[in-house]
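One letter stands for each residue in the lines below.
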Amino acid sequence: MNTAGHPEATARRGLELTPFRGLRYDPDRVGSLAAVTSPPYDVVVRPDGLHQLQDADPHNIVRLILPQADTPAARNEQAAKTLRQWLSEGVLTTDPEPGLYVYEQSDGVGMLQRGVIGALRLSEPSEGLVLPHEDVMPHVVADRAALMSATSANLEPLLLTYRGNGTAADSTSVIERTIEGPPLFSTTTEDGFSHRLWAITDRADLARIQSDLTHHQALIADGHHRWATYRRLRAEHSSPSPWDYGLVLLVDTARYPLRVRAIHRLLHTLPVPDAVAALDGLFRVSRLEVPLTQALEALADAACEGNAYLLAGDGAFHLVDRPDPDLLARTVPADRPEAWRTLDATVLHSTLLAHVWHIPEDDPARIAYIHDTAATVGKAERDGGTAVLMHPVREDVVRDLARQGITMPRKSTSFGPKPASGLVLRTLDV
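Residues numbered from 1 in each chain as written. Predicted model: local features only at pLDDT ≥ 70, side-chain atom pairs only at ≥ 80, totals over all residues. Heavy atoms only, no water.

### A look at unusual backbone geometry
The omega angle of the peptide bond from Ser239 to Pro240 is 5°, so this bond is cis rather than trans. In this structure, Pro240 sits in the loop between α8 (224–235) and β12 (245–252). With omega at 5°, the peptide bond leading from Gly416 into Pro417 counts as cis. In this fold, Pro417 is placed in the loop between β20 (414–416) and β21 (426–427). In this model, Ser152 sits at a positive phi of 50°, which is unusual for a non-glycine residue. For Ser152, the position within the fold is in the loop between α5 (138–151) and β7 (153–154). Unlike most non-glycine residues, Arg322 shows phi in positive territory, near 50°. With respect to the secondary-structure elements, Arg322 resides in the loop between β17 (317–321) and α11 (325–331). With relative accessibility at 58%, the residue Arg322 sits in the exposed group. (Helix = DSSP H or I, 4+ residues; strand = E, 2+ residues; numbered from the N terminus. Buried < 20%, exposed > 50% of the residue type's maximum accessible area, 1.4 Å probe, protein only.)

### Here we look at the sheet that holds β17
Sheet strands pair by backbone hydrogen bonding; their relative direction is either parallel or antiparallel. As summarised here, the arrangement of the six strands in space is β15-β17-β16-β19-β14-β18, forming an open sheet in which the pairing is antiparallel. The outermost strands of the open sheet, each flanked by one partner alone, are β15 (284–288) and β18 (367–370). On average, each strand axis in the sheet is inclined to that of its neighbour by 25°, with strand direction left out of account. Pairing between strand β16 (residues 308–312) and strand β19 (residues 386–389): three bridges, direction antiparallel. Bridge pairing in β19 places Leu311 opposite Val388. (Pairing = 2+ DSSP bridges. Axes fitted to C-alpha atoms, helices over the stretch in contact; angles between N-to-C directions.)

### Things to note about empty space enclosed by the protein
In the structure shown here, the tally under the stated rule is three cavities of 30 Å³ or more. Taken as a whole, the largest cavity encloses approximately 110 Å³ of empty space. As for the largest cavity, its lining consists of 13 residues, and the residues nearest its centre are Asp42, Asp222, Gly223, His224 and Lys411. When residues of the lining of the largest cavity are assigned to their parent elements, the largest contribution, three residues, is made by α8. There is about 70 Å³ of room inside the second largest cavity. If you trace the second largest cavity, you find 14 residues lining it, with Val116, Tyr162, Ser171, Ile175 and Leu250 closest to the centre. Listing elements by their share of the lining of the second largest cavity, those giving two or more residues are β5 (112–121), α6 (171–178), α7 (203–213) and β12. Looking at side-chain class alone, the lining of the second largest cavity contains nine nonpolar, three polar and two charged residues. (1 Å grid on protein atoms, 1.4 Å probe; cavity = no way out; pocket = protein on both sides within 12 Å on 5 of 7 lines; lining within 4 Å. Points joined across faces, edges and corners; volume = space filled by probe spheres on them. Nonpolar A, V, L, I, M, F, W, Y, C, P; charged D, E, K, R; others polar.)

Right, dumping it as structure tokens:
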């Protein structure tokens, strides 16, 4: 385990993953398990994706993770009321004994991911156990914290990765033996991914997984805001309590590599002509009259040479690259490693958003962060804004910066596949 940048690491207790009694949908009480699942809350594209999920089934998990009402307080109360109702009606039921859960996702054409869902002991950044790689937005953490407090539940697991030794030992051996038995359920969602879940309740198997994980540190692949929320809520409750732990999915990427994709930006109030005009003399801008796939190929080629972006929203694509070196020297902070200073996200936030376009990165009225490329372009074209399409960062760059304690600009990466929300929940009632 790499302990660079964490001199306290010799005292760390290691990752502590604890069994819990999962809260799951009763398949006899819902139309289908696929119909009640959702992508993570921050991947749902509002409003179209939200409405589609709400219409898919009256018990879709989106009614808990993205409740709809006129005020934040009313939204959270609505989620808490809905959860209580589903519990009383038996729509959601608690498993009879504590366990860890093996979760498998597959697209049937080569992407296979398996990991373990459990309640992870929360730790301080100084312990070097759970490494963030992105900054968070305080208003999002406050929003998630209010929702978790109202429902007294972890409604969806965040995604953590660790690097095993690449052999079928310890956790991996338990996982691969477990999947030989019948799953608790198997379902296929609209995106073509199949999902299967097994419970591990045998004490010896649980002990092997827990012992193995004490030798590893984890990288937050998806869920920085939820991790920050877990830590905030732990600080608000006297320890020991259930709030000392948070719901996570842990994946060994030595066995099951994740995909790393970009997260794009939608600038609501900036039309493409204005965005392009502001770049005159600062970046090279090339207009591309090509389909999206070809435009992304051009972006990938340009990204090999330096910072590059695609702007869209006016029916064409505009390749933005070759920034003026003097501009970067004036706008990018010089007190970080070169690997951070040269990130596309760094230059986007420090140079383009802050100094060229004058758009605050945490103002939801002016900027949105969207995972789906085509959806970002479509919304920009419909709304008259500007889509800023990004090229993904390599996983090794992300992990190396995290190990140095260097966080990337918010929403720099999208690791996947992400765990579906609604397959297993965790209640924290004491």
